Structures are given as C-alpha cells and as structure tokens.
Amino acid sequence: MIKNIPSLLLTIVSALLLTSCLSSNDEEVVYYEDTAVTAFSLGTLKITYHTTASDGVTDSTYTSTLDCSSYKFYIDQLSQTIYNPDSLPVGIDPSAALATVTTKNSGTAVLNLYSKSGADSLAYYSSNDSIDFTNPVRLRVYNMMGTAYREYTVHVNVHKESGDEFSWKATDAGLSTLTSRRFVNAGSTFYLFGQSGDNTVGYCRKDGAAWSALTMATTLDADAYKNVIAQGTTLYTLSDNHILTSADGQTWTNVAEVPAIKQLLGATDQRLYALTDNGIMQSTDQGATWTSDSLDDEATNLPTGDINFIAQPSRINSDTYNLTLIGSRNGKTVVWSKVEEDAKLSQTQPWAFYSSDEYNRKTLPALSNLQVVAYDNQLFATGGNFSHIYTSPDQGLTWSTDDTYTLPDDFGLSAASFAFGVDSSNILYISKAGSSTIWSGRLARLAWANNQKVFTK
C-alpha cells in the first residue's frame, strides 16, 4: 500500500524534484503518483570457506569473494517484502553489501534505518554505498510527486549450514524381536514391517511422531513383510497367495488370489508390479487382475534375491516414471529398467536388461542383503559389509562411492539383513535385523524450505 508522506519528509523529495522544475519551459514534464520497487539484486560479497588443512585433520578457513548477482530476489508487492528464495551460501558476510534497486516511474529509493526512539530515520540510497543486511532492512520508494511512498522489508537469506552436511541419529524403537524387516513410505505415515516368528508385525511413525507398534487385526504370514508396498497412502501385500490391501497397516482386506505371483515389487500412481517365475506382471485395478509385462531379454536374467524396485517420477515428462529393478542372481547384481508412460496415446515400453558391458567399469558390485532406495535424485545402494554407500545418477547404469554419505559409526561392518528407506520428508532410515535401533539422517539441503516463487496478485 502506498502511504501519504508526513509533511516533514516532503523536504527530501522536494530537493530531488528541484532539478526537474528548472528544466526548459518548452518541455512538458509528467509526474506520476504511483511507484514501487521493480527489481533488486546484490553485488559481490565476502565469503569465508571452511576446509581441511594438508594434514587432513585440522580445520582451516580462508576468505574470498562471491558474485551474488545471480541470486534472484522476489518482490511480493502484496506483503511488501523482498527476499531471495534460494539462500546465499554458508559463510557469506551480508554486513557490507552493495545493492541495486530499480523503481517504477523513477521513484526515489530511501533507507529507513533503525532508530532507538522508534521514529523514522531516513538516509539516501546509493548503489555505491554498502548496506548491512545482517538483519532485515526497511526500504522506501517515493513517487515523483513526493506525495506518497511504499515501504518494503528486505530479507537477505543466508544458509546457516552447508547443503552437503549429513549425519545419523539413533532412536531405540523396541524392535529387537524383529528379524528381517522392510521400510515402506505411504504419504505422511512411514512404516516398518518385519518378521517375528511365523508372522509379520509392523510399526509406524506418523507426521514425525515417535514409533508405535501396529495392532495387527489381520494375521499375515512370515514373508508378508517383504511384499508390503504402497500406492499413495494405500498399502498392499502378498500373504498366503492372496493380495491384501490396507489403509492403516493393521486391518487388511482380501483383493484376489494370485498363486502365480511370488513377490510384490512396488507401485506407481497407476500400476502395481509383481514378480513371477516367468517374468514381471502389472495391475491397473489395485491388484484385482494382472497382465504380463514385456521384457527385452530372457526372464532367466531377472533377480532371484535381494530384490529392490524403485519408481522415480520423471523430471522431464509428466505422467512418466523411470522404474528400476535391482537384485542378485547367481552371485551377481542384475539391473533392469523401464519407462512407464501413462499419458494418452503413449506406447508401452518393455523392461530393458542391463547386459554385461566391458566398457562400463562402474557397475554395482555383488552385495549380500542388497538394499536400494531413491534419494537426492539418485539411487543409493549398500549391503555386504556396509563399507560404502554407492550412488547412481542414471537409474542404475553406473555406480560410484560417495564420501558425503557414510553409515552410522556403530552400525557395524558385519553382513546382516537390514532395512533401508526414505520418508516423504527426505529422511533416510536404516535398521539392522535383531537390533532395536533405527538410525535416521537427512542431507541438509533437502530440509531447506521451498519458498514461494510465483505471485499472482
């Protein structure tokens, strides 16, 4: 909202208008009553980098400069705020920054500085004078008539932590009676199912609350835990040759008898996938009926153990998923992929087998108890003696170790069955069979807020 200027402030604007008043009488000068900030940017700022000294242990710092002009600032005219949705890097010093302010109709920009008395304390803005943006700064812009102004609050956001920081936190969830186990994400509820004796039992964590045991109103067989998948917030599993569905993980309803299916793999928004002795099947009616999916190679190359199914929404095409099937067969890691296209007139694509390639030297090694998840637009895999986490940026074609991610220090290096999962808040979870502990961790930048970037009013 443009506000009227108090009479004592008219002096400032009058001085700025004096030059225009002395112009030639032959020129017609037009004065506008409205104004606003239309663009805002910063220049080059000092930044302190933290690194490790040559001994590999001692922390070291050095100071440099960073051109921050590429960081876009958004101007919310409704709330009269100016801010950068993508925060400046950690280590930036915002206390002495040069700012460029563009105004509508040649409005005059003035800084309204902090005053202990609470009264307005105005200072001329100059693009050559540094401004302290450690705290929010009030910026006024006066119209050409000098009769009104609009005031904004400028927030220069700076990250407090490095985006690539990652650490684990241990939580005792009372799971020691569970042997093999599996994490399943279903919207705001994150589940852990596992084998206990001859049955499958479950735990859940909803909206970040503590883990709690599920009251199983339906008895599930011992292998049902490895078949639990989620389509949105709905769960499915395979127990005693029947597809069952549940909204809460406790009460399960029979959908269909499917003796040919030996394991449920996973789901997308439109389809469920399952593995048989002869290939892969899919269902588009919540598991009631199943049809065979085409393969571009022999079904004898499908995995038989440590089976992982990952569905990643395409970042390029809507209604499209990149599917990856990874597991072990005859002591080797095998990988299949498929592009699922659900838009109208899309053609059905077959599953593609990643055959041996002598030129690809970055394949995933054979890992016992292999677990794979999608995280940070990559695939994460671990297993074996848990010495590494492997990452793949290309749906499992090539793999590398990444020192950013390590397993918990007290997780141990002995091979064992374990669960690996990701919830809807980008938190990674890992838990080993026979342990009551669940470790959780998140890459720092995946927790950063996604600020509004589009304003329609």
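Numbering of residues starts from 1 in every chain and runs along the sequence as written. In keeping with the model being predicted, local features are shown solely for residues with a pLDDT of at least 70 and side-chain atom pairs are shown and tallied solely at 80 or more, while totals for entire chains, interfaces and linings include all residues. For side-chain calculations, the full set of non-hydrogen atoms in the structure is used, while hydrogens and water are omitted.

K.L.:
Can you help me understand the sheet that holds strand 29 (residues 352-353) in this one?
P.N.:
Where strands meet in a sheet, backbone hydrogen bonds hold them as pairs that are either parallel or antiparallel. Pairing is antiparallel in the open sheet, where 4 strands are placed in the order 26-27-28-29. At either margin of the open sheet sits one strand with a lone partner, and together these are strand 26 (305-313) and strand 29. For strand 26 and strand 27 (residues 320-329), the ladder comprises 7 bridges, and the chain directions are antiparallel. Bridge pairing in strand 27 places Pro313 opposite Tyr321. Only strands joined by at least two bridges in the DSSP assignment are considered to pair. Comment: elements are numbered from the N terminus, with helices defined as DSSP H or I runs of at least four residues and strands as E runs of at least two.

K.L.:
Looking at this structure, how should I read unusual backbone geometry?
P.N.:
A negative phi holds for most residues other than glycine; trans holds for most peptide bonds. For Asp319, which is not glycine, the phi torsion reads 55° and is therefore positive. For Asp319, the position within the fold is in the loop between strand 26 and strand 27. Its identity is not glycine, yet Asn369 carries a phi of approximately 55°, on the positive side. In this fold, Asn369 is placed in the loop between strand 29 and strand 30 (371-375).

K.L.:
In this structure, what is going on with the layout of surface pockets? I would like to understand it.
P.N.:
Approximately 490 Å³ is the volume found for the second largest pocket. Lining the second largest pocket are 21 residues; nearest its centre among them are Thr333, Val334, Tyr354, Ser355 and Ser356. Per element, the largest residue contribution to the lining of the second largest pocket is 4 residues, and it comes from strand 28 (residues 332-341). Put simply, the grid is 1 Å and covers the protein atoms alone, a cavity is a trapped set of points that fit a 1.4 Å probe, a pocket is an open set with protein on both sides within 12 Å along at least five of seven lines, and lining residues have an atom within 4 Å of a point. Grid points are joined across faces, edges and corners, and a volume is the space filled by probe spheres set on the points.

K.L.:
Please explain empty space enclosed by the protein as it appears in this structure.
P.N.:
A probe matching the size of a water molecule, rolled over the atoms, marks out where space remains unfilled. Applying the stated criterion across every chain yields a total of 1 cavity of 30 Å³ or more. A volume near 40 Å³ is recorded for the largest cavity. Lining of the largest cavity is provided by Phe40, Ala99, Val101, Leu111, Tyr125, Ile131, Phe133, Val137, Leu139 and Val154. Those elements that provide at least two residues to the lining of the largest cavity are strand 8 (99-103) and strand 11 (137-142). Side-chain classes are defined by residue name, with Ala, Val, Leu, Ile, Met, Phe, Trp, Tyr, Cys and Pro counting as nonpolar, Asp, Glu, Lys and Arg as charged, and the others, Gly among them, as polar. Of the residues assigned to the lining of the largest cavity, the class counts are 10 nonpolar, no polar and no charged.

K.L.:
Help me understand the packing of aromatic side chains in this model?
P.N.:
Any two aromatic rings considered together are summarised by their centre-to-centre distance and by the angle between their planes. Only Phe, Tyr and Trp rings take part, Trp by its six-membered ring, and two of them pair if their centres are within 6.5 Å. Stacked means planes under 30 degrees apart, edge-to-face means over 60, and tilted covers everything else. Evaluated as defined, the whole model comprises 25 aromatic pairs. Pairing Phe166 with Trp168 gives two aromatic rings, centres 5.1 Å apart and planes at 85°, and the pair type is edge-to-face. Accessibility here uses a 1.4 Å probe with only protein chains present; expressed as a share of the type maximum, an area under 20% marks a residue as buried, one over 50% as exposed, and anything in between as partly exposed. Judged by relative accessible area, which is 18%, Trp168 ranks as buried. With centroids separated by 6.3 Å and ring planes inclined at 45°, the aromatic side chains of Phe183 and Trp211 adopt a geometry described as tilted. Highlighted residues: Phe183 in strand 14 (residues 181-186) and Trp211 in the loop between strand 16 (199-206) and strand 17 (212-213), separated in sequence by 28 residues.

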